[in-house]
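What follows is the residue order along each chain.
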Amino acid sequence: MPKLLHVACSPRADSESAAAARVFLDQFHKARPDWDIDELNLWRESLPEFTGDVLEAKYARIGGRAFNNAQRDAFAVAERLALRLSLADRVLISTPMWNFSIPYKLKQWLDLIIQPGLTFRFDPATGYLPLLKDRPTIVILASGSDFVTGMNRGRIDMATPYLREALRFIGISNVSFVPIGPTTGPAEPIRAARDAAHRRLAEMAARF
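Residues numbered from 1 in each chain as written. Predicted model: local features only at pLDDT ≥ 70, side-chain atom pairs only at ≥ 80, totals over all residues. Heavy atoms only, no water.

Structural notes on the sheet that holds strand E2 (residues 36-41)
Pairing between sheet strands relies on hydrogen bonds along the backbone, with the strands arranged either parallel or antiparallel. Ordered in space as E2-E1-E3-E6-E7, the five strands form an open sheet in which the pairing is parallel. Each edge of the open sheet carries a strand with a single partner, namely E2 and strand E7 (175-180). Taken over all neighbouring pairs, the strand axes of this sheet differ in orientation by 15 degrees on average, direction set aside. Looking at chain direction, strand E6 (residues 137-142) and E7 are connected through six bridges and run parallel. Directly across from Ile138, in E7, lies its bridge partner Ser176. Helix H3 (residues 69-86) rests against strand E1 (3-8), E2 and strand E3 (90-96) of the sheet, and its axis sits at about 140 degrees to E2. (Pairing = 2+ DSSP bridges. Helix = DSSP H or I, 4+ residues; strand = E, 2+ residues; numbered from the N terminus. Axes fitted to C-alpha atoms, helices over the stretch in contact; angles between N-to-C directions. Contact = heavy atoms within 4.5 Å.)

Structure follows, in structure tokens:
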């Protein structure tokens, strides 16, 4: 059964990014009723801290050393998370922008799965090489400021270029970003931004 992985990155069930994801998934399910939806809520998932045995396992891999038992068990968590991504035919990431960039849970997930021999490898002759196959991916990015029309109140969007590069590094380049903003301030611009994003997502879901 083909699979869509939804990486949900907001701790609020009623957030703008979560609401937009529901619009997309509802339309996607209508268009692709035979697809499996794998929901990965990063606030409900037990993500290990990137310390101790999992960190030492990374350096063991880099150094070409075998894992000890503790490192093997710790690294297995990262392997399971990366496997969920590698098995997905399509990917949806819904996230808010926090302090110009991404929530720390999303960064933690990326830090866990971007591992040598897991999602990338290094060749002395050619450099870094991705290990994942490319697949269509949509990133819903909700922000307090408006980065669509330029009314961003002096803030800088560092989330979009970071996510684009992090995904490209492991092999996922077919990425479309759907910004939603502003999500704070006067009601009318918020409503207009939300409606425009929801319409676009519903259209994208039908052919995703």
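From this point, the discussion proceeds with the structure in view.
A few points about the packing of aromatic side chains
Tallying each qualifying case throughout the model produces 12 aromatic pairs. When the ring of Phe67 is compared with that of Phe75, the centres are 5.2 Å apart and the planes differ by 55 degrees; the resulting orientation is tilted. Neither residue differs from the other here; Phe67 and Phe75 are each classed as buried. Ring plane angle 55 degrees and centroid distance 5.5 Å describe the contact between Tyr128 and Phe169, whose orientation is recorded as tilted. Linking Tyr128 in strand E5 (residues 127-130) with Phe169 in helix H5 (residues 159-170), this pair joins segments that are 41 residues apart in sequence. (Phe/Tyr/Trp six-rings, centres within 6.5 Å; stacked < 30°, edge-to-face > 60°. Buried < 20%, exposed > 50% of the residue type's maximum accessible area, 1.4 Å probe, protein only.)

Let's talk about empty space enclosed by the protein
If a probe as big as a water molecule is rolled over the atoms, it shows which places are left empty. In total, this model carries one cavity of 30 Å³ or more according to the counting rule given. Of the pockets and cavities examined, the largest cavity occupies roughly 30 Å³. Lining the largest cavity are Met97, Leu141, Ser143, Phe147, Asp157 and Pro179. (1 Å grid on protein atoms, 1.4 Å probe; cavity = no way out; pocket = protein on both sides within 12 Å on 5 of 7 lines; lining within 4 Å. Points joined across faces, edges and corners; volume = space filled by probe spheres on them.)

So, the environment of Lys3
Here Lys3 is to be found in strand E1. When the C-alpha atoms of Lys3 and Asp146 are compared, they prove to be 32 Å apart, with 143 residues separating the residues in sequence. When residues no more than four places from it in sequence are discounted, the contact partners of Lys3 are Trp35, Asp36, Asp38, Leu87, Ala88, Asp89 and Arg90.

Let's talk about the pairing of strand E4 (residues 120-123)
The two faces of a sheet get side chains in turn, since along a regular strand they alternate between them. Bridging between E4 and E5 involves four bridges; their strand directions are antiparallel. Along E5, the bridge assignment pairs Phe122 with Tyr128.

Some details on H5
Taking 1.5 Å of rise per residue, 12 residues should cover 16 Å, and H5 covers 17 Å from first to last C-alpha, within 8% of that figure. Taken together, the buried positions of H5 are occupied by Ala159, Thr160, Leu163, Ala166, Leu167 and Ile170. For H5, the angular spread of buried residues about the axis comes to 140 degrees, placing them on one side. As for H5, its buried residues are in contact with H3, E3, helix H4 (104-113), E5, E6 and E7. Within two residues after H5, Gly171 carries a phi angle of roughly 120 degrees, on the positive side. (Expected span 1.5 Å × (residues − 1). Arc of directions from axis to C-beta.)

A word on the nonpolar core
In terms of nonpolar packing, the biggest core is built from 40 residues, with Val7, Leu42, Leu85, Leu106, Trp109, Leu110 and Ile113 touching the most fellow members. Here the element with the most residues in this core is H3; it accounts for six residues. Excluding residues that lie within four positions of it along the chain, Trp109 makes contacts with Val7, Leu40, Leu42, Leu47, Leu81 and Leu85. Counting residues in each nonpolar core, the second largest holds 18 residues, with Leu4, Ile138, Ile180 and Ala205 among its members. (Core = buried A, V, L, I, M, F, W, Y, C linked by side-chain atoms within 4.5 Å.)

Functional significance is not addressed by these values, which are geometric in nature.
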